[in-house]
Amino acid sequence: MTTSKSMSGRDWAMLTALSVIWGGSFFFTGIAVKELPPFTIVAARVGLAALALLVGLRIAGVPMPRSLKVWAAFFGMGLMNNMIPFSLIVWGQGHIASGLASILNATTPLFGVLVAHLLTRDEKMTGGRLAGTIVGFAGVALMIGPSALSGLGSHLLAELAVLGAALSYSLAGIFGRRFKAMGIDPIVTATGQISASAVLMIPLALFIDRPWTLPVPGIPTIAAIVAIALVSTALAYIIFFRILASAGATNLMLVTFLIPVSAILLGWLFLGEVLATQHFIGMATIVAGLVLIDGRLYRRFFTPSTRGSLPG
């Protein structure tokens, strides 16, 4: 089978919303890192998000699964989708520029196409999907600018760490498909994997950062942590698993192309940042890549019509 899942208008709307939410997380993180170390931020992020989701489920009267098999899957998802990539990116960004890290992280859909082709039966690679993914990646590089590549190769281990995070995200997308087969609602899946991530991350932060020895952070930092936990994590993962259930893993990974677009547009709207020509060229290239991946316009205009043909 060489077909792959197509995206509905609702799926594209959710993907765009997710990119805006995750694009905003860079702003919140930029505030928090001024006063708190990285692992403490990550632990607070997943811990508060897990608490909010668990309280929400309790109020709604929705029970959490008790099956060991399901919780093993939650911990596997938390490991691949949060603990490993968060930790690798945090460490990598301590050695390379954020622009370069963003470009390397945008390889997630490339890994996603390859991993899905190898590990699934219904998300096989097509020429249009591969071409669109490459074009979209080029758009990210164009939008962030060639200056971000100036340090490429100077910190090889850090660059490999961010690439490892991208690979981990793509594997998590494939792994997460099992929750739909298990019949688990996306909000329950989001709660379970975030809770598992908190169990994994909090001891790590306590051991490495020793947060009890740090000065009490200011109100802006606390507000940023709450925002990144409730909006950029709890709400984001509810949308994440809804897209995964309806559109598949490779389509979900396209969000990494849209996150830089959202981050730059948010900076322009709220921080007075300037949009340069390279940003518009990069955004247009990303849109072209997404059109190729979606495939509907290509099929409409370039697929020969069989209407009115006679059997040979």
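In short, a report on the structure. On a predicted model such as this, the values are computed, not experimentally measured, just so you know.

Moving on, we get to the nonpolar core. The biggest cluster of nonpolar side chains holds 69 residues, and the ones touching the most others in it are Leu 18 and Phe 240. The greatest single-element share of this core, amounting to 10 residues, is contributed by helix α10 (residues 219-247). Each residue touching Phe 240, except ones within four places of it in the same chain, is listed here: Leu 18, Trp 22, Met 77, Asn 81 and Leu 252. Residues Ile 96, Leu 100, Leu 104 and Val 162 belong to the second largest nonpolar core, which totals six residues.

This part takes up a nonpolar patch on the surface. Side chains of Leu 48, Leu 51, Val 55, Ile 59, Ile 222, Val 226, Leu 230, Val 231 and Leu 235 sit close together on the surface and give an oily, nonpolar patch of about 750 Å² of accessible area. At the level of elements, α2 (38-60) and α10 are the ones that each hand at least two residues to the nonpolar patch. Ranked by residue count, the leading element in the nonpolar patch is α10, at five residues. Tracing the chain through its elements places Leu 48 in helix α2. What makes Leu 48 partly exposed here is its relative accessible area of 35%.

Excluding glycine, a negative phi dihedral is what most residues carry, and trans is how most peptide bonds are arranged. You will see that Arg 210, though not glycine, has its phi angle at about 45 degrees, which is positive. Residue placement: Arg 210 occurs in the loop between α9 (186-208) and α10.

For the rest of this paragraph, the subject is the side chain of Ser 87. Of note, Ser 87 is situated in helix α3 (residues 68-93). A polar contact is formed between the side chain of Ser 87 and the backbone oxygen of Met 83, at a distance of 2.7 Å. With near-sequence residues (within four places) excluded, Ser 87 lies in contact with Phe 39, Asn 82, Met 201 and Leu 204.

Conventions used here
- Residues numbered from 1 in each chain as written.
- Predicted model: local features only at pLDDT ≥ 70, side-chain atom pairs only at ≥ 80, totals over all residues.
- Heavy atoms only, no water.
- Core = buried A, V, L, I, M, F, W, Y, C linked by side-chain atoms within 4.5 Å.
- Buried < 20%, exposed > 50% of the residue type's maximum accessible area, 1.4 Å probe, protein only.
- Helix = DSSP H or I, 4+ residues; strand = E, 2+ residues; numbered from the N terminus.
- Contact = heavy atoms within 4.5 Å.
- Patch = residues over 30% accessible without salt bridge, like charges linked within 9 Å, V, L, I, M, F, W, Y side chains within 5 Å.
- Areas by Shrake-Rupley, 256 points an atom, 1.4 Å probe, with all protein chains shown as cover.
- Salt bridge = Lys/Arg side-chain N within 4 Å of Asp/Glu carboxyl O.
- Polar contact = N/O pair within 3.5 Å; in protein donor to acceptor, adjacent residues only side chain to side chain.

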